[in-house]
Amino acid sequence: MRIMKSCKLGTAMLLAVAYLLTGQGARAQSDSDRLEPVLGEEILPPQVAAFEMKEHVIGRVTPPPAPTSAAEWTSEAQRLRARLLAAAFHGWPQEWVNSPPKFEDLGVFATGTGYRLRKLRYEVIPGFQSTAILYEPENMQGKVPAILNVNGHSPGGKAIEFKQKRCIAFAQHGILALNLEWLQYGELDQKGNAHWFGAQLDLVGMNELGLFILEMRRGLDYLYNHPNVDRSRLGMTGLSGGGWQTIILSSLDERVIDAAPVAGFSSI
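A short tour of the structure in this document, coming up. (Residues numbered from 1 in each chain as written. Predicted model: local features only at pLDDT ≥ 70, side-chain atom pairs only at ≥ 80, totals over all residues. Heavy atoms only, no water.)

1. Some words on the overall build of the protein
Looking only at helices and strands, the protein has 9 helices and 7 strands in total. The long-range share in the protein, meaning contacts at least 24 apart out of those at least 6 apart in sequence, stands at 62%. Accessible surface for the protein amounts to roughly 16,500 Å². Of this, 60% is attributable to carbon and sulfur atoms. (Helix = DSSP H or I, 4+ residues; strand = E, 2+ residues; numbered from the N terminus. Contact = heavy atoms within 4.5 Å. Areas by Shrake-Rupley, 256 points an atom, 1.4 Å probe, with all protein chains shown as cover.)

2. Considering helix 8 (residues 209-225)
The terminal C-alpha atoms of helix 8, which comprises 17 residues, lie 24 Å apart, in line with the 24 Å expected from a rise of 1.5 Å per residue. The buried fraction of helix 8 is high, at 14 of 17 residues. (Expected span 1.5 Å × (residues − 1). Buried < 20%, exposed > 50% of the residue type's maximum accessible area, 1.4 Å probe, protein only.)

3. Brief notes about a nonpolar patch on the surface
A surface patch of nonpolar side chains, about 300 Å² in accessible area, is lined by Ile43, Leu44 and Val48. By the element assignment, Val48 lies in helix 3 (residues 46-59). (Patch = residues over 30% accessible without salt bridge, like charges linked within 9 Å, V, L, I, M, F, W, Y side chains within 5 Å. Salt bridge = Lys/Arg side-chain N within 4 Å of Asp/Glu carboxyl O.)

4. Things to note about the packing of aromatic side chains
One pass over the full model with this rule turns up 6 aromatic pairs. Centroid distance Phe103 to Tyr122: 4.7 Å. Interplanar angle 15°. Geometry classified as stacked. Taken together, the residues span a long stretch of sequence, with Phe103 in strand 1 (residues 103-112) and Tyr122 in strand 2 (residues 115-125) at a distance of 19 residues. Each ring, one from Trp182 and one from Tyr185, has its centre 6.0 Å from the other, and the planes form 20°; the classification is stacked. Residue classification places Tyr185 among the buried positions, given a relative accessible area of 11%. Ring pairs connect the aromatic residues Trp182, Tyr185, Phe212 and Trp244, which therefore count as one cluster. The aromatic ring of Tyr224 is capped on one face by Arg231, whose charged end is 3.8 Å from the ring centroid. Lying across the ring of Tyr224, Arg255 places its NZ or CZ 5.1 Å from the centre. (Phe/Tyr/Trp six-rings, centres within 6.5 Å; stacked < 30°, edge-to-face > 60°. Lys NZ or Arg CZ within 6 Å of the ring centre and 35° of its normal.)

5. Things to note about the environment of Glu138
With respect to the element layout, Glu138 can be found in the loop between strand 3 (128-137) and strand 4 (144-150). Residues Glu138 and Tyr115, spaced 23 residues apart in sequence, show a C-alpha to C-alpha distance of 4.4 Å. Beyond its immediate chain neighbours, meaning those up to four positions away, Glu138 contacts Gly112, Gly114, Tyr115 and Arg116.

6. Details of the pattern of salt bridges
The tally for this structure, following the rule as stated, stands at 14 salt bridges. With its nearest N and O atoms 2.8 Å apart, the salt bridge here joins Arg118 to Glu136. Taken as a pair, Arg118 in strand 2 and Glu136 in strand 3 lie far apart in primary sequence, 18 residues in all. On the basis of relative accessible area, Glu136 is assigned to the buried category, the value being 3%. Three or more residues are tied together by salt bridges with common partners; here these are Asp105, Arg116, Arg118 and Glu136.

7. Describing the pairing of strand 1
In the case of a regular strand, side chains alternate between the two sheet surfaces. Alignment of strand 1 against strand 2, held across 7 bridges, turns out to be antiparallel. Note that in strand 2 the partner of Phe103 across the bridge is Tyr122. Between the antiparallel neighbours strand 1 and strand 2 lie 2 residues, among them Gly114 with a positive phi of about 85°. (Pairing = 2+ DSSP bridges.)

8. With respect to the sheet that holds strand 1
On the basis of which strands lie adjacent, the open sheet formed by 7 strands has the order 1-2-3-5-4-6-7 and mixed pairing. The open sheet has two free edges, formed respectively by strand 1 and strand 7 (258-262), since each of these has just one partner strand. Strand-to-strand, the axes of this sheet are offset by a mean angle of 20°, without reference to chain direction. Across 6 bridges, strand 4 lies against strand 6 (residues 229-239) in parallel orientation. Counted as the bridge partner of Val150 is Gly238 from strand 6. Against the sheet, helix 9 (residues 241-252) touches strand 4, strand 6 and strand 7, its axis set at about 140° to strand 6. (Axes fitted to C-alpha atoms, helices over the stretch in contact; angles between N-to-C directions.)

Geometry only, nothing functional implied.
Shown next as structure tokens:
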């Protein structure tokens, strides 16, 4: 039976070759040209298709909770945070997740009008380090506000001009601004750091989201423990992928008092 199937397949291939060699393929091509206007006719406008897809997706979304009191909402928010963090850190060693921040201060390397820049290096997980720049007010005294600034998909990483200007403006207004690097960008622009490699963590049973959370949460740990930071005025902001990070971390970590995500999300 297998031999017969193989013979049939071989015969079909020979017929296809003969079809092309005898010029039948050229006639088929002209037939295709005649069919193109018919097949190219719009059956469903793209706007209608998009609307119907949205309706389908929205119809499958679980309705958000509807608490009847502040206490009920607080309890539900805590439950959701715990559940999401447990999922994000699935497969991660707890000693890594709960380890204290390990930052190395490399000193002040630049100054400007009303501010100075301090280079930091820190451990994300054992064996993997990242870098950051701390923008400090020039004459910092007592407790001051602090802002965690996270990167988006910008090739320059933490050195991109608009982010430097933002952090300088914070420092000139008396605010500590921590400028983090991000996986795949700036000083972490290495092939193995590309976001797509996160799927390999999933393959070995570790949720890749855990790495992204740890990488930015270390920065929040640093600011929270800084002797000059007013913990009641601790904020976070970022653009694009930095907006996504701001949404995620400020939702899961109650130490973030103020959050200003710029994009990083879609309407649906």
